[in-house]
Amino acid sequence: MLPYMDEVYGNPSSLYSFGQDAKEALEDARARVAACIGADPREITFTSGGSEADNQAIFTAAHLGAKKGKKHIISTAFEHHAVLHTLDRLKAEGFEITLLDVHKNGVITADEVLAALRDDTCLVTIMYANNEIGTVQPIAEIGAALKDKDVIFHTDAVQAAGHLHIDVKEQNIDMLSISGHKFHGPKGIGVLYTRTGIRLETIISGGAQERGKRAGTENIPAIMGLAKALEDAVAGIDENAAKLTVLRDKLIEGLDKIPYGELNGDAVKRLPSNVNFCFEGIEGESLLLLLDDKGICASSGSACTSGSLDPSHVLLAIGRPHEVAHGSLRLSLGEDTTEEDVDYIITAVTDVVTYLRNMSPFWRDLVDGKRQHVFEK
């Protein structure tokens, strides 16, 4: 990124050579990003992140459908709020939204998508991998099922890009959202892939940047950082996935030994880097603060809603009751995580859960039989 901060820092929309140097870098990055997901460079639009990309994709597909008299949209109950809140806005415009049940394991099937299709369905938007519990959806199967349907298929791939193989053509994906900071790129930069033939709706008006699809001077340093980070992630995707899967399963096995706790989501159909548990008799906020004191950065849900006192809508969608959903723990492993780190985390979480339960009147009621346990162990 540094050369595009202090050397090639011209405006890529300018005609003079200083600006055209930046323009050349911009188009090079566009081609490199496209190659990482099997797209054409002209199908890549740079955005401020995944949320903007989700918004633009969903509004585009919905309003294109409305022009044909089609105002039904299919999604899932545990999408990111960037999707769910956009769907709420469309519902106020008269669109009908079907949110599929993701079941206890946090996974849907292509057959369930097909069963929900109607003649007036214009869009199916289903996340590639969940941002909280890490479960991976059968995107290729869904894409194949929708291939011959007059329906746009969008996937929020923010959690998947750089961690799972993506080929938009082979997987029959029409629109796809990416965010740079999920694979070691900078924050505040994202990508929207849009299949050739779909005319994007402009949601940021102004100049003619990004071929008139997204106004605003392009953030060249961030775009170059995203392109490089995505290339690096894709190049090492198999090696990192193999390593992280071993560490993930070791962490799951260790945390599963804590009494009255359960893994959230499918144990296999999940991101190599994601571990998410619920523990009875625990408040998530206290758990996170005590783990932070031990040098462990964890979450109790989505980082985008960490200030909310409400339980995670994702955990409620997979059937966790409120009192258990409040005691959730999300841990994300990275390529620098070691086996020693995992051992330390297991010991630290076990100690903190025991400490908090010993202080909890709610836990005492569970032990004394005044309340019923949710989990069996």
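Structure: see above.
If you're wondering where the values come from, they're calculated on a predicted model, not measured in any experiment.

### Focus on the overall build of the protein chain
Then, in step 1: Across its full length, the protein chain holds 13 helices and 10 strands.
Then, in step 2: Radius of gyration (C-alpha) of the protein chain: 22 Å, near the 21 Å computed for a compact globule of 377 residues.
Then, in step 3: The principal-axis extents of the C-alpha atoms in the protein chain amount to approximately 75 × 50 × 35 Å.
Then, in step 4: Looking at the protein chain as a whole, 53% of its 377 residues qualify as buried.
Then, in step 5: Considering only residue pairs separated by 6 or more positions, the protein chain has 72% of its internal contacts joining residues 24 or more positions apart.
Then, in step 6: Carbon and sulfur atoms make up 51% of the accessible area of the protein chain, which totals about 16900 Å².
Then, in step 7: Separation between the mean location of the 37 positive side-chain charges and that of the 56 negative ones in the protein chain comes to 4 Å.

### Regarding the environment of Lys71
Then, in step 1: For Lys71, the location among the structural elements is in the loop between helix 3 (50–67) and strand 2 (72–76).
Then, in step 2: It is 6.3 Å that separates the C-alpha atoms of Lys71 and Cys122, two residues lying 51 residues apart in sequence.
Then, in step 3: With residues near it in sequence (within four places) discarded, Lys71 still touches Ala66, Glu93, Gly94, Phe95, Glu96 and Asp120.

### Things to note about the packing of helix 9 (residues 284–293) against helix 12 (residues 339–359)
Then, in step 1: Their axes nearest at 10 Å, the elements helix 9 and helix 12 cross at an angle of 130°. On the basis of their axis angle, the class for helix 9 and helix 12 is oblique. The chirality of how helix 9 crosses helix 12 is right-handed. Counting all contacts with helix 9, which are made through Ser286, Leu287, Leu290 and Leu291, the residues of helix 12 involved are Ala348, Val349, Val352, Val353, Tyr355 and Leu356.
Then, in step 2: Split by residue class, the contact of helix 9 with helix 12 holds nine nonpolar, one polar and no charged.

### A word on unusual backbone geometry
Then, in step 1: The residue Asn172 is not glycine, and still its phi comes out positive at about 55°.
Then, in step 2: Relative to the helices and strands, Asn172 resides in the loop between strand 5 (152–156) and strand 6 (175–179).
Then, in step 3: In this structure, Glu210 takes a positive phi of about 50° despite not being glycine.
Then, in step 4: Along the chain, Glu210 falls in the loop between strand 7 (190–194) and helix 7 (220–235).

### Details of the sheet that holds strand 9 (residues 274–279)
Then, in step 1: Read from one edge of the open sheet, three strands run 8-9-10, paired in antiparallel fashion. Looking at the sheet topology across the chains shown, the edges are occupied by strand 8 (261–263) and strand 10 (328–332). Going across the sheet, the axis of each strand differs from the next one's by a mean of 20°, ignoring polarity.
Then, in step 2: Here strand 8 pairs with strand 9 via three bridges, running antiparallel. Following the sheet pairing, Glu262 is matched in strand 9 by Cys278.

### Quick notes on helix 3
Then, in step 1: Under the 1.5 Å per step criterion, the end-to-end length of helix 3 is 26 Å for 18 residues, consistent within 8% with the ideal 26 Å.
Then, in step 2: Gly69 occupies a position one or two residues after helix 3 and carries a positive phi of about 80°.

### Overview of the sheet that holds strand 4 (residues 121–125)
Then, in step 1: Strand order in the open sheet made by the seven strands is 1-7-6-5-4-2-3, with mixed pairing throughout. The two strands at the open ends of the sheet, each matched to only one other strand, are strand 1 (44–47) and strand 3 (96–100). Within this sheet the neighbouring strands show an average axis-to-axis angle of 20°, counted without direction.
Then, in step 2: In the sheet, strand 2 pairs with strand 4 via three bridges, with the strands oriented parallel. Bridging across to strand 4, Ile73 finds its partner in Leu123.
Then, in step 3: Relative to strand 6, helix 3 is tilted by about 165°, and along the sheet it contacts strand 1, strand 2, strand 4, strand 5, strand 6 and strand 7.

Cut-offs and rules
- Residues numbered from 1 in each chain as written.
- Predicted model: local features only at pLDDT ≥ 70, side-chain atom pairs only at ≥ 80, totals over all residues.
- Heavy atoms only, no water.
- Helix = DSSP H or I, 4+ residues; strand = E, 2+ residues; numbered from the N terminus.
- Rg over C-alpha atoms; globule rule 2.2 N^0.38 Å.
- Buried < 20%, exposed > 50% of the residue type's maximum accessible area, 1.4 Å probe, protein only.
- Contact = heavy atoms within 4.5 Å.
- Areas by Shrake-Rupley, 256 points an atom, 1.4 Å probe, with all protein chains shown as cover.
- Lys, Arg positive; Asp, Glu negative; His and termini not counted.
- Charge placed at Lys NZ, Arg CZ, Asp CG, Glu CD.
- Axes fitted to C-alpha atoms, helices over the stretch in contact; angles between N-to-C directions.
- Parallel < 35°, antiparallel > 145°, perpendicular 65-115°, else oblique.
- Left-handed = near helix turned anticlockwise from the far one by under 90°.
- Nonpolar A, V, L, I, M, F, W, Y, C, P; charged D, E, K, R; others polar.
- Pairing = 2+ DSSP bridges.
- Expected span 1.5 Å × (residues − 1).

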